[in-house]
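Here's the letter readout for the chains.
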Amino acid sequence: MPALNVEFSDRELEDLRQIAKERGTSMKALVREAAAADIARHRALQEGAEAFRRFFASHADEFAAAFPEDEPAHSGEGRVA
């Protein structure tokens, strides 16, 4: 499995040791779990943003009608999605 060397300050390393000890896990497992959680959160945010863009694009006319004051000023051109 590929690996990654990560540098920590002395303070961060001591904090990691303490947290790992409190949780009864290794430092390696603790750091891997934190990275995996951040990756999952990032993916979820990307998927949520894409779902919002699709929803907004498919209902753009409804949003424009409901909130006309939020529509950008157009120079006579058609709506851009």
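Worth saying up front: this structure is predicted, and the values here are computed from it rather than measured.

When two helices pack together, their arrangement is given by the angle between their axes and by how far apart the axes lie. Put simply, helix H1 (residues 10-23) and helix H2 (residues 27-58) touch, their axes get as near as 9 Å, and they point 95° apart. Here H2 runs roughly perpendicular to H1, going by the angle between their axes. Contact with H1, carried on its side by Leu13, Leu16, Arg17, Ile19, Ala20 and Arg23, involves Met27, Leu30, Val31 and Glu33 of H2 and no other residues of that element. Looking at side-chain class alone, the contact of H1 with H2 contains seven nonpolar, no polar and three charged residues.

Now for the packing of aromatic side chains. Applying the stated rule across the entire model yields three aromatic pairs. On the numbers, 6.2 Å between centres and 75° between planes, the contact of phenylalanine 55 with phenylalanine 63 is edge-to-face. Exposure remark for phenylalanine 55: the relative accessible area of 43% places this residue in the partly exposed category. On the basis of relative accessibility, which here comes to 26%, the residue phenylalanine 63 falls in the partly exposed class.

Relative to the elements of secondary structure, alanine 40 occurs in helix H2. On the basis of relative accessible area, alanine 40 is assigned to the partly exposed category, the value being 45%.

Here we take up the layout of surface pockets. Quantified by volume, the largest pocket comes out at close to 470 Å³. Ala3, Leu4, Lys28, Val31 and Arg32 are the residues nearest the centre of the largest pocket, which is lined by 13 residues in total. For the lining of the largest pocket, the class distribution of residues is ten nonpolar, one polar and two charged.

Judged by side-chain polarity, Leu4, Val6 and Phe8 come together as a nonpolar surface patch covering roughly 300 Å² of accessible area. Structurally, leucine 4 is set in the segment before H1.

Thresholds, definitions, all that
Residues numbered from 1 in each chain as written. Predicted model: local features only at pLDDT ≥ 70, side-chain atom pairs only at ≥ 80, totals over all residues. Heavy atoms only, no water. Axes fitted to C-alpha atoms, helices over the stretch in contact; angles between N-to-C directions. Helix = DSSP H or I, 4+ residues; strand = E, 2+ residues; numbered from the N terminus. Parallel < 35°, antiparallel > 145°, perpendicular 65-115°, else oblique. Contact = heavy atoms within 4.5 Å. Nonpolar A, V, L, I, M, F, W, Y, C, P; charged D, E, K, R; others polar. Phe/Tyr/Trp six-rings, centres within 6.5 Å; stacked < 30°, edge-to-face > 60°. Buried < 20%, exposed > 50% of the residue type's maximum accessible area, 1.4 Å probe, protein only. 1 Å grid on protein atoms, 1.4 Å probe; cavity = no way out; pocket = protein on both sides within 12 Å on 5 of 7 lines; lining within 4 Å. Points joined across faces, edges and corners; volume = space filled by probe spheres on them. Patch = residues over 30% accessible without salt bridge, like charges linked within 9 Å, V, L, I, M, F, W, Y side chains within 5 Å. Areas by Shrake-Rupley, 256 points an atom, 1.4 Å probe, with all protein chains shown as cover. Salt bridge = Lys/Arg side-chain N within 4 Å of Asp/Glu carboxyl O.

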